[in-house]
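Residue-level structure breakdown
Read off the chains here:
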Amino acid sequence: MSTPSYSLLNNATGEKLDLPAIGGTLGPVGLDVGKVYDKTGVFTYDPGFSSTCSTKSAITYIDGDQGILLYRGYPVAQLAEHCSFLEVAYLILNGELPKGQELQNFDSSIRKHTMINENLNRFFEGFNYDAHPMAMLTGVVGSLSAFYHDTTNNKDPRHREIFAHRMIAKIPTIAAAAYKKYYGQPFMYPQNHLDYCSNLLHMMFAVPAEPYHVNPIAAKALDILFTLHADHEQNASTSTVRMAGSTGTNPYAAIAAGIAALWGPSHGGANEAVLTMLDEIGDVKNVQGFMDKVKDKNSGVRLMGFGHRVYKNFDPRATIIREQCHKVLQALKVDDPKLELAMKLEEIALSDDYFKARKLYPNVDFYSGIIYKALGIPVNMFTPMFAVARTVGWVAHWIEMVSDPAMRIARPRQVYTGAAERTVSPIAQR
Ligand code: CMC
């Protein structure tokens, strides 16, 4: 197939600037506009980056129209069915699925890095009892940079690997500590004989006073959810990690920036917002009234868990999670009226012209909260769970970026709309 050719035409002078097309393996080409300003004196303008590629990347591919999500070429549904989250993490980090020994080595390295410096545990004492777990996560992950600065030479592949393993191993420990702080319970140390998700559930739900056995159904459900959340190409939090990381900052600080970006209700905070919304609606009989509000542009109300910047057909993660949701609730014998409410909302939204015209479909967060709830995870821990899973993607993108010899600091420009240059009058004359 021939590469399409594009140019930018100045309508006034007839001058043309050819824009080289950057082709990838799948999906649309990107037009290289890097020289537009130098050659023409104008900027390109794309707030929200609907048409802008910020980088080349070989990690994740999304086709929003077809509802396709591939990690390193593999469909996410196949990975969720056949692989553990740690296998998927290895794949996302290294580009290939691990063979037996490779997985064993990776798994054992992650298990060895699960503890956090004891001084870091004490950081939690400084937070108020009602601090949101995402606030604690942001602060404590940023603080890792003060403790693990022995291997932060971004140019050294071994340093990058140690950072990756530490970050992926410690994030569940930090998330569980944030949970324990919020609920006023003693921290539980990691148990390295447990697999990744069982360990997290143990750190959250065990107490020192009695033995706690992780329900394997819960651990498996979490493992699948984590696979579905592990990466999603250049989303807001990943782009934030890349933006911060492009300055050469400490990688833990870059991950903390990503966590802060994830927290917002338009992004990872949506899973929490979905449950808050279901609580507010309360009963199936109130659904229609709520939908009327959603469609009223002046109300400012959105149907949380619906819509996506990229998916304009369906979110493939939502399809898998929807199925999982029913399975998990059945297996754990949870009869949650929230699920009935969610199904009713979904049914109305999918047949409503407002949603059809705007191509708004349920996204991953519409169902994930219901599963988290069934696992006994409180609402304010939903977004931290997302953060634990997405850490893999953030780390992989950071590594991809800093390994690239052509890495440059990310520095967007603007169309200035403020006052034109003017003269300062001394205060007495104003
Ligand atoms: N409820 C009602 N209307 C909506 C919704 C919604 N959830 N989402 C978009 N719209 C409308 C919006 O009002 C606009 O209508 P109009 O064209 O008449 O002005 C149109 O659809 C396009 O919306 P947009 O805000 O331009 O779309 P966007 O691509 O900038 O935003 C989104 C994407 C995900 C932020 C948005 O759909 C949304 O706010 N959804 C609810 C929050 C949510 O579930 N977020 C999780 C996303 S998936 C997980 C993740 O990425 O972390």
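Since this is a predicted model, take the numbers as computed values, not measurements. (Residues numbered from 1 in each chain as written. Predicted model: local features only at pLDDT ≥ 70, side-chain atom pairs only at ≥ 80, totals over all residues. Heavy atoms only, no water.)

Some details on unusual backbone geometry
Despite not being glycine, Glu 233 shows a phi value in the positive range, around 40°. Note on placement: Glu 233 falls in the loop between helix 9 (216-229) and helix 10 (236-245). Residue Glu 233 is classed as partly exposed on the basis of its relative accessible area of 23%. Positive phi, close to 55°, is recorded for Lys 359, a residue that is not glycine. Secondary-structure assignment places Lys 359 in the loop between helix 16 (353-357) and helix 17 (364-374). (Helix = DSSP H or I, 4+ residues; strand = E, 2+ residues; numbered from the N terminus. Buried < 20%, exposed > 50% of the residue type's maximum accessible area, 1.4 Å probe, protein only.)

Considering the site of the ligand
Near the ligand lie 21 residues; those nearest to it are His 267, Lys 297, Arg 302, Leu 303 and Gly 305. Interatomic distance of 2.8 Å between a side-chain N/O atom of Arg 309 and an oxygen atom of the ligand. A distance of 3.0 Å separates an oxygen atom of the ligand from a polar atom in the side chain of Arg 358. Taken by itself the ligand offers 940 Å² of open surface, and the protein chains cover 75% of this. (Near = heavy atom within 4 Å. Polar contact = N/O pair within 3.5 Å; in protein donor to acceptor, adjacent residues only side chain to side chain. Areas by Shrake-Rupley, 256 points an atom, 1.4 Å probe, with all protein chains shown as cover.)

A word on helix 13 (residues 287-295)
Listing the buried residues of helix 13 in full gives Val 287, Phe 290, Met 291 and Val 294. What you see down the axis of helix 13 is that its buried residues fit within an arc of 100°, all on one side. Here the buried face of helix 13 lies against helix 12 (270-281), helix 15 (337-351) and helix 16. (Arc of directions from axis to C-beta. Contact = heavy atoms within 4.5 Å.)

A closer look at the domain arrangement of the protein chain
Domain annotation for the protein chain reports domain 1 (6-53), domain 2 (79-223 + 252-261 + 378-402) and domain 3 (270-374). Distance between the C-alpha centres of domain 1 and domain 3: 38 Å. (Domains from an automatic or database assignment.)

A short note on empty space enclosed by the protein
One simple way to see leftover space: roll a probe sized like a water molecule over the atoms. Following the criterion strictly, the structure yields 3 cavities of 30 Å³ or more and no others. One number sums up the size of the largest cavity: a volume of about 80 Å³. The wall of the largest cavity is formed by Met 115, Ile 116, Asn 121, Thr 173, Ala 176, Ala 177, Phe 187, Met 188, Tyr 189, Pro 190 and Met 203. Partitioning the lining of the largest cavity into residue classes produces 9 nonpolar, 2 polar and no charged. Taken as a whole, the second largest cavity holds about 70 Å³ of empty space. What lines the second largest cavity is Leu 86, Asp 107, Ile 110, Arg 111, Thr 114, Ala 169, Pro 172, Leu 194, Asp 195, Tyr 196 and Asn 199. (1 Å grid on protein atoms, 1.4 Å probe; cavity = no way out; pocket = protein on both sides within 12 Å on 5 of 7 lines; lining within 4 Å. Points joined across faces, edges and corners; volume = space filled by probe spheres on them. Nonpolar A, V, L, I, M, F, W, Y, C, P; charged D, E, K, R; others polar.)

Considerations on the layout of surface pockets
Here the second largest pocket is characterised by a volume of approximately 290 Å³. Put simply, the parts of the chain that give the lining of the second largest pocket at least two residues each are helix 3 (85-94), helix 4 (100-112), helix 7 (157-183) and helix 18 (382-402). The element best represented in the lining of the second largest pocket is helix 7, accounting for 5 residues. The residue makeup of the lining of the second largest pocket, split by class, is 7 nonpolar, 4 polar and 5 charged.

Description of the packing of helix 9 against helix 14 (residues 316-331)
Helix 14 packs onto helix 9 with a crossing angle of 170° between their chain directions and a minimal axis gap of 11 Å. As summarised for this structure, helix 9 and helix 14 are arranged roughly antiparallel, according to the angle between their axes. Packed against helix 9, whose contacting residues are Ile 217, Ala 221, Ile 224, Leu 225 and Leu 228, the element helix 14 presents Arg 317, Ile 320, Ile 321, Gln 324, Val 328 and Ala 331 at the interface. Of the residues contributing to the contact of helix 9 with helix 14, the split by class is 9 nonpolar, 1 polar and 1 charged. (Axes fitted to C-alpha atoms, helices over the stretch in contact; angles between N-to-C directions. Parallel < 35°, antiparallel > 145°, perpendicular 65-115°, else oblique.)

A short note on the pattern of salt bridges
Counted according to the given criterion, the structure contains 11 salt bridges. Here Lys 327 ties to Glu 323 by a salt bridge, and the two come within 3.8 Å at their closest N and O atoms. In this pair, Lys 327 and Glu 323 both sit in helix 14, 4 residues apart, roughly one turn of the helix. On the accessibility criterion, Glu 323 (49% relative accessible area) is partly exposed. (Salt bridge = Lys/Arg side-chain N within 4 Å of Asp/Glu carboxyl O.)

Examining the pairing of strand 6 (residues 68-71)
Regular strands place side chains that alternate from one sheet face to the opposite one. Inspection of the sheet shows strand 5 (residues 60-63) paired to strand 6 by 4 bridges, in the antiparallel sense. Paired with Tyr 61 across the two strands is Leu 70, which belongs to strand 6. With 2 bridges joining them, strand 6 and strand 7 (residues 74-75) adopt antiparallel strand pairing. Residue Tyr 71 lies in a different strand from strand 7, and its bridge partner there is Tyr 74. (Pairing = 2+ DSSP bridges.)

A closer look at helix 10
An α-helical turn contains 3.6 residues, so a residue and the one three or four places further along point in the same direction. When helix 10 is considered as a whole, its buried residues turn out to be Ser 237, Thr 238, Val 241, Arg 242 and Gly 245. Down the axis of helix 10, the sector holding all buried residues measures 145°, keeping them to one side. Against helix 11 (251-262) and helix 18 lie the buried residues of helix 10.

Some remarks on the nonpolar core
Nonpolar side chains in soluble globular proteins tend to end up buried together. Of all hydrophobic cores here, the largest spans 120 residues; its most connected members are Tyr 196, Leu 222, Phe 226, Met 277, Leu 303, Leu 345 and Ile 377. Examining the composition of this core, we find that 14 residues originate from one element, helix 18, more than from any other. Looking at which domains feed residues into this core, each of domain 2 (79-223 + 252-261 + 378-402) and domain 3 (270-374) supplies at least three. Beyond its immediate stretch of four places on either side in the chain, Met 277 contacts Phe 290, Arg 302, Leu 303, Met 304, Leu 345 and Phe 366. (Core = buried A, V, L, I, M, F, W, Y, C linked by side-chain atoms within 4.5 Å.)

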